[in-house]
Amino acid sequence: MALMTGEQYIESLRSLKTQVYMFGEKVENWVDHPIIRPSINCVAATYDFADNPEYSDLAVVTSNLTGNKINRFTNLHQSTEDLKNKVKMQRALGQITASCFQRCVGMDAFNATFSTTYEIDKKYGTDYHERFKKFLIDVQDNDLTVDGAMTDPKGNRGASPSGQEDPDLFVRIVEEREDGIIVSGAKVHQTGSINSHSHLVMPTQAMAEADSKYAVAFSCPSDAEGLFMIYGRQSCDTRKLEKDADVDLGNKKYGGQEALVVFDNVFIPNENVYLKGESEFAGMLVERFAGYHRQSYGGCKVGVGDVVIGAAALAAEYNGAQKASHIKDKLIEMTHLNETLYCCGIACSAEGYATEAGNYQIDLLLANVCKQNVTRFPYEIVRLAEDIAGGLMVTMPSQADFRSDLKIPTESGKTIGEWCNKFFVGAPGVSVENRMRVMRFLENICLGAAAVGYRTESMHGAGSPQAQRIMIQRQGNIEGKKAFAKKVAGIVE
Ligand code: SF4
Ligand code: FE
């Protein structure tokens, strides 16, 4: 099948019977729901991107499994060039959408599962790798979006999966049958889960042998029986329900999405199971997936950062302050921080290596350094953007006020709109509406609905800061560094 366009992708979602709940109710037509739709548009951008001649070199690749043309989002990386191009594609999509376009979690899960299943089979003689290849060929040929699902609710962080009072707090095998397994549990903050055709579920952490029922990886369609999702609300999300909502949204077309995905006794046929009890491989799968996704942030967040920096520069111009030296310096600082993140994304890609299965893995230490920086720099970029924009981004009246023709009964007899347009004027020649738009964009990305994707996701997505610090400690080779120091300093013990 040919690659889908964005429109075809949106239409393809309509045939799914995905069960979605929001605000305490079932959402029947979730594809057209005004709160959900911007996040669907954002995934659709990954399809239109591949359809756009300007970007297709970056977005369309040849499958090593079939020789067919596929979207890079379904690719198994074949070289360090592929790894770098992945980051470049993510930066470009961040620039286009200024949001989380969600499809990377699947791409990262494919690559981690591909290499890990190969190594499990080598040890145990299982056939997970062949099963997984069949699944992936179907994904590639049908150009599907897949939710790479890792994070479990985890309940009491002081207890192991099997030590929890409620056994469902980590996804687990409830029953083994001849033809498959029954699983229960949930995955939390699942990026793009509702917008995905299917899910690739992985364990959330390294597992001990006692937790072998929790060492499970599988794929299943979004509308599998027993599977449902509860939408994660975002700051200011109900603005999207307002009449003629536009300027106040800041980013009308695109947005990100997270949900709680619940598996209530879901049947998974054997051919879709890729890990079942080989607990020592859970850690490998987690580490590889997390490594890829930490690399991803050196692309997507940089692209969004480009838009934030551009908006801050525009806000300065619209305020007539662009010539001030401190403004120029703040824009330099923002650019320096943003490009440092990009350097990390490219570096961990350039230092990648071939796995035993043949696809390419990023350098784990550098990918963790990348993500650790992402937990900090976007916060500083946003702080500087707020500094440049001024308080107006949070104190401005609404779009409805600016457009209101209700006369206020004072001597001048002006309307609400006229008063707003009079007093929120900026630099000469700048339209008040454009000034509003850039302020609302900055409000949205710094502390509104889009802040989920730029700030908090920078902190906690792909693992919270401490998870990277543990990996940096493991990969940092302090013993090797001590040996350097001893040699240079002439120390003989
Ligand atoms: Fe892709 Fe970035 Fe969203 Fe992760 S956070 S899915 S890397 S856009
Ligand atoms: Fe993410």
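Below or above, wherever it landed, is the structure these notes cover. Being a predicted model, the structure only gives us computed values, none of them experimental.

## Thoughts on the site of ligand 1
In the region of ligand 1, the neighbouring residues are Gln90, Cys100, Phe101, Gln102, Cys104, His293, Ser296, Tyr297, Cys300, Lys301 and Glu457. With respect to the detected pockets, ligand 1 is housed in the second largest cavity. When grouped by side-chain class, the residues that make up the shell around ligand 1 number five nonpolar, four polar and two charged.

## A word on the layout of surface pockets
A volume near 1,200 Å³ is recorded for the largest pocket. Forming the boundary of the largest pocket are 44 residues, of which Thr151, His460, Ala462, Gly463 and Ser464 lie nearest the centre. Those elements that place two or more of their residues in the lining of the largest pocket are strand 5 (146-149), strand 7 (180-191), helix 7 (282-319), helix 9 (364-374), helix 15 (451-460) and helix 16 (465-475). Classifying every residue of the lining of the largest pocket gives 15 nonpolar, 19 polar and ten charged.

## Comments concerning the sheet that holds strand 5
With mixed pairing, four strands are arranged side by side in an open sheet as 5-8-9-12. In this open sheet, the two strands that pair with only one neighbour each are strand 5 and strand 12 (273-276). Each strand axis lies, on average, 15° off the axis of its neighbour in the sheet, ignoring direction. Two strands pair when backbone bridges link them, and strand 5 and strand 8 (residues 198-201) are joined in this way by four bridges, in the parallel orientation. Looking at the pairing, Val146 lines up with Ser198 of strand 8. Of the strands in this sheet, strand 5, strand 8, strand 9 (216-221) and strand 12 are in contact with helix 6 (residues 128-142), which crosses strand 12 at around 145°.

## Points about the environment of Ser15
The residue Ser15 is located in the loop between helix 1 (6-14) and strand 1 (20-22) in this model. Assessed through its relative accessible area of 55%, Ser15 is described here as exposed. In this structure, the C-alpha to C-alpha distance between Ser15 and Asp223, residues 208 residues apart in sequence, is 9.9 Å. Polar contacts involving the side chain of Ser15 include one to the main-chain carbonyl oxygen of Ser12, which spans 2.9 Å.

## Re helix 9
Among the eleven residues of helix 9, eight are classified as buried, and the element is accordingly described as predominantly covered. Every buried residue of helix 9 is listed here: Leu364, Ala367, Asn368, Cys370, Lys371, Gln372, Asn373 and Val374. Where helix 9 is buried, its residues touch helix 7, helix 8 (325-350), strand 14 (360-361), helix 10 (377-389), helix 15 and helix 16. At the N-terminal end of helix 9, a side-chain oxygen is found 3.2 Å from the backbone nitrogen of Leu365, two or three residues along, and the residue is Asp363.

## Topic: the sheet that holds strand 11 (residues 258-269)
With mixed pairing, the six strands of this open sheet are ordered in space as 2-1-10-11-7-6. Strand pairing shows two members of the sheet lacking a second neighbour, strand 2 (25-27) and strand 6 (172-176), which therefore form its edges. The sheet shows a mean angle of 20° between the axes of neighbouring strands, direction not considered. Where strand 1 lies against strand 10 (residues 227-231), two bridges are found, and the strand directions are parallel. Counted as the bridge partner of Val20 is Met229 from strand 10.

The rules we used
- Residues numbered from 1 in each chain as written.
- Chains lettered and ligands numbered in written order.
- Predicted model: local features only at pLDDT ≥ 70, side-chain atom pairs only at ≥ 80, totals over all residues.
- Heavy atoms only, no water.
- Near = heavy atom within 4 Å.
- 1 Å grid on protein atoms, 1.4 Å probe; cavity = no way out; pocket = protein on both sides within 12 Å on 5 of 7 lines; lining within 4 Å.
- Sits in = over half its atoms within 2 Å of the grid points.
- Nonpolar A, V, L, I, M, F, W, Y, C, P; charged D, E, K, R; others polar.
- Points joined across faces, edges and corners; volume = space filled by probe spheres on them.
- Helix = DSSP H or I, 4+ residues; strand = E, 2+ residues; numbered from the N terminus.
- Pairing = 2+ DSSP bridges.
- Axes fitted to C-alpha atoms, helices over the stretch in contact; angles between N-to-C directions.
- Contact = heavy atoms within 4.5 Å.
- Buried < 20%, exposed > 50% of the residue type's maximum accessible area, 1.4 Å probe, protein only.
- Polar contact = N/O pair within 3.5 Å; in protein donor to acceptor, adjacent residues only side chain to side chain.

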